[in-house]
Amino acid sequence: MLTTLRELGELKRVRTARRSGSIAERAFRRDWRLLVGGRSIDQAMRESVFKLLAASRLGDLDIETLVALGLRVSEAIAVQRSGVADMSAGLPGAIVSMVASVEPQADHETRDSDFVDRLASQPRAGVTCPGLQRLLFEPAENHAEHCAIVALYGVLLAPAYGADPATVWLASMSHHLHNAFMPDSGFSGEMLLGEHLEPLMQRATTLCLDQLPAALAEKVRVARRILPDVASPEGRAFHAADTLDRVWQIDQHLRPGQVTLDFVLNDMALVHAGPVKMFQDDLLREAGLLA
């Protein structure tokens, strides 16, 4: 399960030509468009999980791309389902059943809310701690990417905590609304704001909620009640998701230096089986790259 979650986090770093932003960022944009457009929380959540599971295997070979290349819609959806099935091994049965019932729709570009644009262009602060120098890792993730992946993790972790996945998902999608108007100063900056921190965060959050239809804004307010603590199953699922994503994001920057060429060539089959494999292996041995 944890290995699957970690792999899904890489969607913050998968990009495609002629599409702006990572898959995770675009999922965040798409999901808010669905919500603002009237899709129910549960429907938007289910479709989001389905598409992100598929994307972890297929990248941007989504329904729109496959249809544009000549597949029928039914065939494109079948390919998506194969990606979801391949990625679902080890996930809770409740999640497997949930995504099995999804009827994915093609994405249609519409105008994003202002706060969504802001979060997609607002970098995360990196690692800050009072009294210590900031640690920055480039490229920095943005808040849209972080929220999208925390929301995905939250749904997948919800069964383990007996939590309502829709509540966890909506709270996760909205837990950094304040950063649309408050540049992220990290732990150090928040401590320096002192008593001003909470009022400023509340005001910045309200500026975002005011952009939403009234009924949706109220649902977001209700879902966000789980954010302050771990007293509820939903709060525990959210904080588990948020903590894992925050730490794995930093670990992702540190891991490449620990990977060996032997692992990439042998375990991950960088030069994989095929009609010219023998030639390739001989070449790599001559170059001193393969034992």
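For the protein, an unreviewed UniProt entry supplies the name HD domain-containing protein and the organism Lichenicola cladoniae.

Draft legend 1. Here's a closer look at the overall build of the protein. Within the protein one finds 15 helices and zero strands. Against the 2.2 N^0.38 benchmark of 19 Å for 291 residues, the protein shows a C-alpha radius of gyration of 21 Å, consistent with a compact globule. Taking as baseline every contact in the protein between residues at least 6 positions apart, the subset at least 24 positions apart corresponds to 72%. Accessible area for the protein stands at about 15100 Å²; split by element, carbon and sulfur atoms hold 58% of it. The positive charge centre, built from 30 side chains, and the negative charge centre, built from 37, are 3 Å apart in the protein.

Draft legend 2. View of the side chain of Lys51. One can find Lys51 in helix 3 (residues 41-58). Judged by its relative accessible area of 10%, Lys51 falls in the buried class. Sequence-distant contacts of Lys51, defined by excluding residues within four places in its chain, comprise Arg30, Pro104, Gln105, Ala106 and Asp107.

Draft legend 3. Expanded view of empty space enclosed by the protein. Following the criterion strictly, the structure yields one cavity of 30 Å³ or more and no others. In this structure, the largest cavity spans a volume of roughly 60 Å³. Contributions of two or more residues to the lining of the largest cavity are made by helix 1 (2-9) and helix 13 (233-254). Here the lining of the largest cavity gets four residues from one element, more than from any other, and that element is helix 13. Residue composition of the lining of the largest cavity, grouped by class: two nonpolar, three polar and six charged.

Draft legend 4. Quick peek at the packing of aromatic side chains. Throughout the structure, instances matching the rule amount to three aromatic pairs. Centroid distance Trp32 to Phe115: 5.2 Å. Interplanar angle 85 degrees. Geometry classified as edge-to-face. Residue Trp32 is found in helix 2 (residues 23-36), and its partner Phe115 is found in helix 7 (residues 114-121); the two are separated by 83 residues along the sequence. Judged by relative accessible area, Trp32 falls into the buried class, the value being 1%. Here the aromatic rings of Tyr153 and Trp248 are separated by 5.8 Å at their centres, their planes lie at 85 degrees, and the arrangement is edge-to-face.

Draft legend 5. Region of the structure containing the environment of Ala291. Along the chain, Ala291 falls in the segment after helix 15 (277-286). Taking C-alpha positions, Ala291 is 40 Å from His146, a pair spaced 145 residues apart along the chain.

Thresholds, definitions, all that
- Residues numbered from 1 in each chain as written.
- Predicted model: local features only at pLDDT ≥ 70, side-chain atom pairs only at ≥ 80, totals over all residues.
- Heavy atoms only, no water.
- Helix = DSSP H or I, 4+ residues; strand = E, 2+ residues; numbered from the N terminus.
- Rg over C-alpha atoms; globule rule 2.2 N^0.38 Å.
- Contact = heavy atoms within 4.5 Å.
- Areas by Shrake-Rupley, 256 points an atom, 1.4 Å probe, with all protein chains shown as cover.
- Lys, Arg positive; Asp, Glu negative; His and termini not counted.
- Charge placed at Lys NZ, Arg CZ, Asp CG, Glu CD.
- Buried < 20%, exposed > 50% of the residue type's maximum accessible area, 1.4 Å probe, protein only.
- 1 Å grid on protein atoms, 1.4 Å probe; cavity = no way out; pocket = protein on both sides within 12 Å on 5 of 7 lines; lining within 4 Å.
- Points joined across faces, edges and corners; volume = space filled by probe spheres on them.
- Nonpolar A, V, L, I, M, F, W, Y, C, P; charged D, E, K, R; others polar.
- Phe/Tyr/Trp six-rings, centres within 6.5 Å; stacked < 30°, edge-to-face > 60°.

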